[in-house]
Amino acid sequence: MSNKTFNAQVRVTLKNGVLDPQGKAIEGALGSLGFEGVNQVRQGKTFDVQLEASSKKAAEDQLANMCEKLLANTVIEDYAVSIST
Amino acid sequence: MIAAISKICGVTPLLAWHTDSTLPDSDLIIIPGGFSHGDYLRSGAIAARAAVMDSVREVAEKGVRILGVCNGFQTLTEAGLLPGALMRNAGIKFVCKEVKLSIANNRNPFTQGYQLNEVIRCPVAHHDGNYFADAKTLQQIEDNEQVAFRYADGTNPNGSANDIAGIFNTKGNVLGMMPHPENLIEPAHGGIDGRRLFEGALNLLKAELA
């Protein structure tokens, strides 16, 4: 079976309860720009990954593995994987 | 760090490259500070996955003493050799100053040269030194007496949980710390409080006392 190309997005965010001083600073800056009603800002990361895999499931498994091993630090971060095409 | 070790024990340390697959036979392995791989992704994250870390993990298992300072501490947590994580400083700013450390456990080669609860001076220079571990892990670290150093006298520069500045692994042969003891080892530095850490780790204390 030949491999297909998948375009995936990996979203890495700080776990709930983990202090995010950068998010707090951004939140403050939004306030000083006059944006009202911003309750909270949490900063995260996204990775656009293009990869070859035999199936969508195989691609998802591989991406989850990448997150566990490198893209996320699961002590402090959660991750979510979505495959667009 | 190389200059400090050379001055303290009179031997120039051997260097290991990140791509090396073996480590020279040694009594102490040090992962020094710096900003490996530009701190990309997370501080220490890429270094923790370097080839040489397999050997570091192997010798750590065997009980070889390993010290990670600053970026070295970040690398050891990222590699899973020490619990928890070092996050962005709570005040967001890079901090470069001198802090006070209290010795939280001196029943270990690294800290044997200090008195329990002794307060020493030590410089820090980092952006990501805010020690974090979940409540359960933090409790385990405290119960196992894995805390080596705490920021003392209100000098916690980064928001670290429980004022933690340095921790041991459960076996006590791996120490990670954010402050830089190697930068306070001779009078020209303005103090020598960092010196005893290396003398302890290198078993030089008894020789001096004898």
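Here, every reference points to the structure presented above.
Rules and cut-offs
- Residues numbered from 1 in each chain as written.
- Chains lettered and ligands numbered in written order.
- Predicted model: local features only at pLDDT ≥ 70, side-chain atom pairs only at ≥ 80, totals over all residues.
- Heavy atoms only, no water.
- Disulfide = S-S within 2.5 Å.
- Buried < 20%, exposed > 50% of the residue type's maximum accessible area, 1.4 Å probe, protein only.
- Helix = DSSP H or I, 4+ residues; strand = E, 2+ residues; numbered from the N terminus.
- Arc of directions from axis to C-beta.
- Contact = heavy atoms within 4.5 Å.
- Buried area = accessible area lost by both parts, 1.4 Å probe.
- Salt bridge = Lys/Arg side-chain N within 4 Å of Asp/Glu carboxyl O.
- Polar contact = N/O pair within 3.5 Å; in protein donor to acceptor, adjacent residues only side chain to side chain.
- Nonpolar A, V, L, I, M, F, W, Y, C, P; charged D, E, K, R; others polar.
- Core = buried A, V, L, I, M, F, W, Y, C linked by side-chain atoms within 4.5 Å.
- 1 Å grid on protein atoms, 1.4 Å probe; cavity = no way out; pocket = protein on both sides within 12 Å on 5 of 7 lines; lining within 4 Å.
- Points joined across faces, edges and corners; volume = space filled by probe spheres on them.
- Phe/Tyr/Trp six-rings, centres within 6.5 Å; stacked < 30°, edge-to-face > 60°.
- Pairing = 2+ DSSP bridges.
- Axes fitted to C-alpha atoms, helices over the stretch in contact; angles between N-to-C directions.

Draft legend 1. Focus on the state of the cysteines. Throughout the structure, instances matching the rule amount to zero disulfides over all chains. Not part of a disulfide, Cys96(B) finds its nearest cysteine sulfur in Cys70(B), a span of 10 Å.

Draft legend 2. Focus on helix α5 (residues 135-143) of chain B. Residues and elements named next belong to chain B. Taken as a whole, α5 has its buried residues at Thr137, Leu138 and Ile141. Burial along α5 is one-sided: seen end-on, the buried residues are contained in an arc of 100°. For α5, the exposed residues lying more than 90 degrees away from the buried face are Ala135, Lys136 and Asp143. Tucked into the core, α5 has its buried residues touching β6 (130-132), β7 (147-151) and β8 (164-168). Following α5 by one or two positions, glutamate 145 adopts a phi angle in the positive range, close to 55°.

Draft legend 3. Quick look at the interface of chain A and chain B. Counting residues at the interface gives 16 residues for chain A, matched by 14 residues for chain B. Summed over both partners, the interface of chain A with chain B buries about 1,200 Å², with 67% contributed by carbon and sulfur atoms. Of all residues in chain A, Pro21(A), Leu70(A) and Val75(A) give up the largest surface area on contact with chain B, accounting jointly for 36% of the area buried on that side. Where chain A packs against chain B, one counts one salt bridge. Between Arg42(B) and Glu77(A) there is a salt bridge, and its shortest N-O distance comes to 3.6 Å. One can count six residue pairs in polar contact (both at pLDDT 80 or more) joining chain A with chain B. A per-class count over the side of chain A that touches chain B returns 11 nonpolar, two polar and three charged.

Draft legend 4. The nonpolar core, seen in detail. Counting residues in hydrophobic clusters, the biggest one holds 51 residues, and the most contacted among them are Leu67(B), Leu101(B), Tyr131(B), Phe149(B), Leu175(B) and Leu197(B). Apart from residues lying up to four places away in sequence, Phe149(B) is in contact with Leu101(B), Ser102(B), Ile103(B), Ala104(B), Thr111(B), Asp163(B), Ile164(B), Ala165(B), Gly166(B), Leu175(B), Met177(B) and Leu197(B).

Draft legend 5. Molecular detail of empty space enclosed by the protein. Inspection of every chain in the model, using the stated rule, returns one cavity of 30 Å³ or more. One number sums up the size of the largest cavity: a volume of about 40 Å³. Split into classes, the residues belonging to the lining of the largest cavity amount to three nonpolar, five polar and two charged.

Draft legend 6. Quick peek at the side chain of Gln74(B). You can see Gln74(B) is positioned in helix α4 (residues 71-78). Residue class for Gln74(B) comes out buried when judged on its relative accessible area of 4%.

Draft legend 7. Quick look at the packing of aromatic side chains. All names here are of chain B. Evaluation of the coordinates by the stated rule reveals two aromatic pairs over all chains. Seen from their ring centres, phenylalanine 73 and tyrosine 131 are 6.1 Å apart, and the 10° between their planes marks the pair as stacked. With a gap of 58 residues between them, phenylalanine 73 in helix α4 and tyrosine 131 in strand β6 connect regions that are remote in the sequence. By the burial criterion, phenylalanine 73 is buried, and tyrosine 131 matches it.

Draft legend 8. Representation of the sheet that holds strand β5 (residues 119-126) of chain B within the structure. All names here are of chain B. Spatial strand order, β1-β2-β9-β8-β7-β4-β5: seven strands in an open sheet with mixed pairing. Strands with a single pairing partner mark the edges of an open sheet, and in this sheet they are β1 (28-31) and β5. Mean inter-strand twist for the sheet, computed between neighbouring axes without regard to direction, equals 20°. In this structure, strand β4 (residues 95-103) lies alongside β7, joined through three bridges in antiparallel fashion. Within β7, the position partnered with leucine 101 by the bridge is tyrosine 151. Helix α3 (residues 52-62) rests against β1, β2 (65-69) and β9 (174-177) of the sheet, and its axis sits at about 130° to β2. Sheet strands in contact with α4 are β1, β2, β8 and β9, and its direction is about 115° off that of β2.

Draft legend 9. Region of the structure containing the layout of surface pockets. Roughly 1,000 Å³ of internal volume is contained in the largest pocket. Among the elements of the structure, α1 (2-9), β1, α3 and α4 of chain B are those that each provide at least two residues to the lining of the largest pocket. In terms of residue count, β1(B) provides more of the lining of the largest pocket than any other element does, four residues in total. Considered class by class, the residues forming the lining of the largest pocket number 24 nonpolar, nine polar and one charged. Reported here for the second largest pocket is a volume of approximately 490 Å³. Surrounding the second largest pocket, 26 residues form its lining, Gln22(A), Lys45(A), Leu41(B), Arg42(B) and Asp128(B) being those nearest its centre.

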